[in-house]
Amino acid sequence: MANNQEVYEGQTTWAELRECEKIWYMAFWAPVENNVRQVPNNNDICQIGWNWAPPTDVQLGTVIDRGDELVRTTNWRPNEEQRNAMIFWLEENPENPSYN
């Protein structure tokens, strides 16, 4: 992204994202070039729903431990980086784990 873009309502820059949002973006949404995830520049614009989206309850359900209760509602399994990103998201957002 060009660093001379204006930031409009509902948008933020990479530098302004919380750490859990950055980790989530890198695990799920970052473009890959030559097998390396590309980290945005600090002034790059990030907009929820356009450049990335927060985890869904279904995604978070894959890492929530509820004891003996079966809560898996999907056959998708996160890789280690994705799992760690979701766990960190839950640690940073205990009252409201997803924006949905």
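What to know about helix α3 (residues 80–92)
Here's step 1: Here α3 contains 13 residues, and its C-alpha end-to-end distance of 18 Å stays within 8% of the 18 Å for a straight helix at 1.5 Å per residue.
Here's step 2: Looking at the buried residues of α3, the elements they touch are α1 (19–28) and α2 (57–61).
Here's step 3: The N-terminus of α3 is capped by Asn-79, whose side-chain oxygen sits 3.0 Å from the backbone nitrogen of Glu-81.

With respect to the nonpolar core
Nonpolar side chains in soluble globular proteins generally cluster together in the buried interior.
Here's step 1: The biggest cluster of nonpolar side chains holds 15 residues, and the ones touching the most others in it are Trp-14, Trp-24, Tyr-25, Trp-52 and Trp-89.
Here's step 2: Every element with two or more residues in this core is listed here: α1 and α3.
Here's step 3: At 5 residues, the largest contribution of residues to this core is made by α1.
Here's step 4: Discounting chain neighbours no more than four positions away, the residues touching Trp-24 are Trp-29, Trp-52, Ala-53, Pro-54, Pro-55, Gln-59, Ala-85, Met-86 and Trp-89.

Reading guide: rules and limits
- Residues numbered from 1 in each chain as written.
- Predicted model: local features only at pLDDT ≥ 70, side-chain atom pairs only at ≥ 80, totals over all residues.
- Heavy atoms only, no water.
- Helix = DSSP H or I, 4+ residues; strand = E, 2+ residues; numbered from the N terminus.
- Expected span 1.5 Å × (residues − 1).
- Contact = heavy atoms within 4.5 Å.
- Polar contact = N/O pair within 3.5 Å; in protein donor to acceptor, adjacent residues only side chain to side chain.
- Core = buried A, V, L, I, M, F, W, Y, C linked by side-chain atoms within 4.5 Å.
- Buried < 20%, exposed > 50% of the residue type's maximum accessible area, 1.4 Å probe, protein only.

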